[in-house]
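Per-entry structural report
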Amino acid sequence: MKNSQEQVHQKVNIAIFASGMGSNAEAIIHESLRDDTPFCVALMVSNNSRCGAMNMALMFDIPIFHISSQTNPEPENYAKTLLLALQKHSIDIIALAGYMKKLPQNVISEYQRQIFNIHPALLPKFGGEGMYGLNVHRAVLEAGERESGATVHEVETEYDTGKIVAQDRIPIFPDDTPESLSERVKEVEYQIFPRVIREKARQILQTK
Ligand code: GRF
């Protein structure tokens, strides 16, 4: 039986998967550094060894894992190697923060309901293949939407499907451009994603 002091400090290990700038990764890392946060970032995974997210991880002394179809060209080996790395770091939750590759099926099956993706629009609208970066915000503006926002959902095999776990909305202004909308949606993302991970980590701790 653990004493209450140990329980306060017990944390769930999460892995962030990212391919780009890493501003969401940064928000999650900052959240993880708070004493009362029930998770720590135990691994940063990327298909792009030089992306901002990987640099961010190095700055914060977070272990990094680079895997791509170049490092591991054979799909079965790729899938096994990735799952082994997650198991080696005792990962409980996976946060996809701008990860541009599909996860292999073995990882999805092993981490059912424990993989979350952030999408910069109000799913189920404006999701699916090709809906990333400014494409999303352009499509939202072209459709004449009056609001947008960010969605966190559980990850299944297809892009941007899976149960929606949280969604925060912002109004669209008449003079919004894809760039200005992207900036304001990102501010929402930096709040909503750490919040979902915190909640999920708390649930996991309660069952441990
Ligand atoms: C975010 O807008 C996220 O919604 C999407 O990819 C983008 C990643 O941005 N899935 P960053 O690398 O976190 O800055």
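Presented here is an overview of the structure given in this document. (Residues numbered from 1 in each chain as written. Predicted model: local features only at pLDDT ≥ 70, side-chain atom pairs only at ≥ 80, totals over all residues. Heavy atoms only, no water.)

1. Describing the pairing of strand β4 (residues 93–96)
Going residue by residue along β4, you find Ile93 and Ala95 tucked away on one face and Ile94 and Leu96 tucked away on the opposite face as well. Sheet analysis places strand β1 (residues 12–17) next to β4, joined by four bridges and oriented parallel. What sits directly across from isoleucine 14, in β4, is isoleucine 93. Alignment of β4 against strand β5 (residues 115–119), held across three bridges, turns out to be parallel. Bridge pairing links isoleucine 94 to isoleucine 115 in β5. (Buried < 20%, exposed > 50% of the residue type's maximum accessible area, 1.4 Å probe, protein only. Helix = DSSP H or I, 4+ residues; strand = E, 2+ residues; numbered from the N terminus. Pairing = 2+ DSSP bridges.)

2. A look at unusual backbone geometry
Trans peptide bonds make up most of the peptide bonds, and negative phi angles are found at most residues other than glycine. That bond from leucine 123 to proline 124 is cis: its omega, 15°, falls within 30 degrees of zero. Structurally, the position occupied by proline 124 is in the loop between β5 and α6 (134–142). The backbone of aspartate 61 shows a phi angle near 60°, a positive value even though the residue is not glycine. Structurally, aspartate 61 can be placed in the loop between α3 (52–59) and β3 (64–66). At phenylalanine 126, a position not held by glycine, the phi torsion is positive, near 60°. You can see phenylalanine 126 is positioned in the loop between β5 and α6. On the basis of relative accessibility, which here comes to 18%, the residue phenylalanine 126 falls in the buried class.

3. Looking at the sheet that holds β4
Spatially, seven strands are ordered β3-β2-β1-β4-β5-β6-β7 in an open sheet, and the strand pairing comes out mixed. In the strand order of this sheet, the two ends are held by β3 and β7 (164–171), each with one partner. On average, each strand axis in the sheet is tilted by 20° relative to the strand beside it, whichever way the strands run. Strand direction decides the pairing type here: strand β6 (residues 147–154) and β7, joined by seven bridges, are antiparallel. Looking at the pairing, valine 152 lines up with alanine 166 of β7. Sitting on the sheet, helix α2 (residues 23–32) touches β1, β2 (39–46), β4 and β5, and the angle it makes with β2 is about 155°. (Axes fitted to C-alpha atoms, helices over the stretch in contact; angles between N-to-C directions. Contact = heavy atoms within 4.5 Å.)

4. A look at the nonpolar core
Most often, soluble globular proteins keep nonpolar side chains buried together rather than apart. The biggest cluster of nonpolar side chains holds 41 residues, and the ones touching the most others in it are Val12, Ile14, Ile16, Ile28, Met44 and Phe193. Val45, Leu86, Val107 and Ile108 belong to the second-largest nonpolar core, a separate cluster that totals 20 residues. (Core = buried A, V, L, I, M, F, W, Y, C linked by side-chain atoms within 4.5 Å.)

5. Some thoughts on the site of the ligand
Around the ligand sit Gly20, Met21, Gly22, Ser23, Asn24, Gly98, Ile118, His119, Pro120, Lys186 and Glu189, and that is every residue in its neighbourhood. Measuring from an oxygen atom of the ligand, one finds a backbone N or O atom of asparagine 24 at 2.8 Å. In the environment of the ligand, an oxygen atom lies 3.5 Å from a nitrogen or oxygen atom belonging to the backbone of proline 120. In isolation the ligand exposes 370 Å². Once the protein is present, 84% of that is buried. Partitioning the shell around the ligand into residue classes produces three nonpolar, six polar and two charged. (Near = heavy atom within 4 Å. Polar contact = N/O pair within 3.5 Å; in protein donor to acceptor, adjacent residues only side chain to side chain. Areas by Shrake-Rupley, 256 points an atom, 1.4 Å probe, with all protein chains shown as cover. Nonpolar A, V, L, I, M, F, W, Y, C, P; charged D, E, K, R; others polar.)

All we've got here are geometric facts, nothing functional implied.
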